[in-house]
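Close look at the chain arrangement
Each chain, written out:
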Amino acid sequence: RGDIVVAKTDPPLLCVTLSHVAGWRGATLINWLQDVFPEVAVTLAPGALPRPLQAPLMSLRDRSLKRAAMNIVLSEGMRGRIHARGVDAGKTLVIPNWADTKALTPRPIGASFTRRRLGLAGRFVIGYSGNFGRAHEFDTLLAAAKLLEGDTRFAFVMTGGGARSKDLQDAVDQARLTNFHFQGYQPAPLLPDSMAAADIHLVSLRPALEGLIVPSKVYGILAAGRPVLFIGDTAGDVAQLIREHGCGISLRVGAGAELAQQLRSLQADPARVQLMGTNARRLALARYTSEHAARDWLRLLAQITHPEAVEQYS
């Protein structure tokens, strides 16, 4: 009694069980949503969750959100999704995720060992780092790469692994593209160098998942001081962030020709790329650090337990 329980979203619907336990024991429940389940599962794998179960599971989830003292979400888009399910606005709070801005710092492109190892000196490199998941969209990138094939000014470096990594490699092989380089996940000490190898980094999200997932790789790109190339919902969270802070470009899914043209424009304007990267790093330090998240959490916990102490976390 009197304890505060923070329920994460893995395993899925943990909040449903903890809502009952917290109520029974007299504890306070805070839900920390990294994604919105079961909507994510229904979108990513239609048919995996039987249709008769979908509405009841969402109803149970909604009830746990409404009974919680607070629901932490990652973005305004996710907050909108929760509000649309009938959760009171006063019971949602946006606390974004973050990157380690001390370990991941901007490095000059020319200083990147990864770039030298791959023989990319003098080329405009489009990078991707992280999970190749079902939530991500790569057809638009492939369409642009096909249009840029044979133009030795450009190269694509794909770093990481996941469910769709082999699919992308197979598509590249089938199209006989020579401008792609694939490498596995890099050890943490090498990540800053790997991130520095690219002039711009790709983030993609299928539009149907907007507000259900926030791509965490955005924070690392910002910390590395590189522009964000976003492909997805151009009215969504990441696209809005890019527009407001001038830290990259965003395009709709399917705009392969426009993407190729945008990359040509950026390659010809290094000063613009540099400015976007500077803006990205500035934004990372101003908003997306663990210190900012900890401060927001401390303020929330103080509001719940010791309202008189809130000022010290402002």
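Higher on the page you've got the structure.
Structure report, in brief. (Residues numbered from 1 in each chain as written. Predicted model: local features only at pLDDT ≥ 70, side-chain atom pairs only at ≥ 80, totals over all residues. Heavy atoms only, no water.)

1. Details of the sheet that holds strand 4 (residues 92–94)
Pairing in this open sheet of four strands is parallel, and the strands run 1-2-3-4 from one edge to the other. The sheet is open, and its two borders are formed by strand 1 (4–7) and strand 4, each paired with just one other strand. With strand direction ignored, the average angle separating the axes of adjacent strands in the sheet is 25°. Strand direction decides the pairing type here: strand 2 (residues 28–32) and strand 3 (residues 70–73), joined by three bridges, are parallel. Bridged to tryptophan 32 within strand 3 is isoleucine 72. Sitting on the sheet, helix 1 (residues 14–25) touches strand 1 and strand 2, and the angle it makes with strand 2 is about 165°. (Pairing = 2+ DSSP bridges. Helix = DSSP H or I, 4+ residues; strand = E, 2+ residues; numbered from the N terminus. Axes fitted to C-alpha atoms, helices over the stretch in contact; angles between N-to-C directions. Contact = heavy atoms within 4.5 Å.)

2. Focus: empty space enclosed by the protein
Within the structure shown, the criterion is met by three cavities of 30 Å³ or more. By volume, the largest cavity amounts to about 100 Å³. Lining of the largest cavity is provided by 14 residues; of these, Thr9, Cys15, Leu33, Phe37 and Arg61 occupy positions nearest its centre. Listed by contribution, the elements that provide at least two residues to the lining of the largest cavity are helix 1, strand 2 and helix 3 (51–67). Here the lining of the largest cavity is built from residues that sort into nine nonpolar, two polar and three charged. Roughly 50 Å³ of volume is contained in the second largest cavity. Every residue along the wall of the second largest cavity is listed here: Val125, Gly127, Tyr128, Ser129, Val157, Thr159, Gln183, Ser194, Ala197, Ala198 and His201. Taken together, the elements giving at least two residues each to the lining of the second largest cavity come down to strand 5 (124–131) and strand 6 (154–161). Broken down by element, the residue count for the lining of the second largest cavity peaks at four residues, all from strand 5. Looking at the lining of the second largest cavity residue by residue, the class counts come to five nonpolar, six polar and no charged. (1 Å grid on protein atoms, 1.4 Å probe; cavity = no way out; pocket = protein on both sides within 12 Å on 5 of 7 lines; lining within 4 Å. Points joined across faces, edges and corners; volume = space filled by probe spheres on them. Nonpolar A, V, L, I, M, F, W, Y, C, P; charged D, E, K, R; others polar.)

3. Here's the deal with the packing of helix 11 (residues 256–267) against helix 12 (residues 270–287)
Close contact between helix 11 and helix 12 brings their axes to 6 Å; oriented N to C, the two are set at 95°. Taken as axis vectors, helix 11 and helix 12 run roughly perpendicular relative to one another. Together, Gln262, Ser265, Leu266 and Gln267 of helix 11 and Pro270, Arg272, Val273 and Met276 of helix 12 make up the contact between the two elements. Of the residues that constitute the contact of helix 11 with helix 12, the class distribution is four nonpolar, three polar and one charged. (Parallel < 35°, antiparallel > 145°, perpendicular 65-115°, else oblique.)

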